[in-house]
Amino acid sequence: MTEIVYEAELRPESRQAVVDGLVAFNRSQTPDFTGPFANIGLLLKHPESGETDGGLTGRITFGWLFVELLFVPERLRGQGIGRQLMEQAEVVARQHGCVGIWLDTFTFQAPGFYEKLGYSTFGEIANYPPGSSRFFLRKHLS
């Protein structure tokens, strides 16, 4: 009999076991799909320390890049760094043969920023978190 065990702080090896099982299942269900599965990063490095202090992370699956995280430190905002990260993400996506990019963002983050870059909303969860909305956006690459 299988038991359900709660991990309040998920261990990396526990997460990896779930990921490995799901990836194996997904590949078994999509045998004609041979595209790459990859985790990518476009990192902003602090000039003096060399430490990563922002950037973009994403996952490429089934011919799409999912932008998981995008963070530009306050000191760099308003200088076009976010736009440059997204433009570079498109370059990387094309290099991997992706047909599009998708992401999610909140009302208090940057839905307008993504719309200016050609992304369109395909879903919304209203009042998540309370008083805001979570938006799902995509952009088809030509």
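Scope of this entry: the structure provided in the associated data block. (Residues numbered from 1 in each chain as written. Predicted model: local features only at pLDDT ≥ 70, side-chain atom pairs only at ≥ 80, totals over all residues. Heavy atoms only, no water.)

**Describing the nonpolar core**
- Counting 24 residues, the largest nonpolar core has L56, L65, L85, M86, I101, L103 and Y119 as the members making the most contacts within it.
- Breaking this core down by element, the ones donating at least two residues are β1 (38-45), β2 (52-61), β3 (64-71), α2 (81-95), β4 (100-106) and β6 (133-140).
- Excluding its chain neighbours within four sequence positions, the residues that come into contact with L65 are I40, G58, R59, I60, A89, A93, C98, G100, I101 and W102. (Core = buried A, V, L, I, M, F, W, Y, C linked by side-chain atoms within 4.5 Å. Buried < 20%, exposed > 50% of the residue type's maximum accessible area, 1.4 Å probe, protein only. Helix = DSSP H or I, 4+ residues; strand = E, 2+ residues; numbered from the N terminus. Contact = heavy atoms within 4.5 Å.)

**So, the pattern of salt bridges**
- Applying the stated criterion to the full structure yields nine salt bridges.
- With a closest N to O distance of 2.1 Å, R75 and D53 form a salt bridge. With R75 in the loop between β3 and α2 and D53 in strand β2, this residue pair connects regions lying 22 residues apart in the sequence.
- R59 is the partner of E68 in a salt bridge, and the nearest nitrogen-oxygen pair spans 3.2 Å.
- One salt-bridge network, in which partners are shared between bridges, spans E7, R11 and E13. (Salt bridge = Lys/Arg side-chain N within 4 Å of Asp/Glu carboxyl O.)

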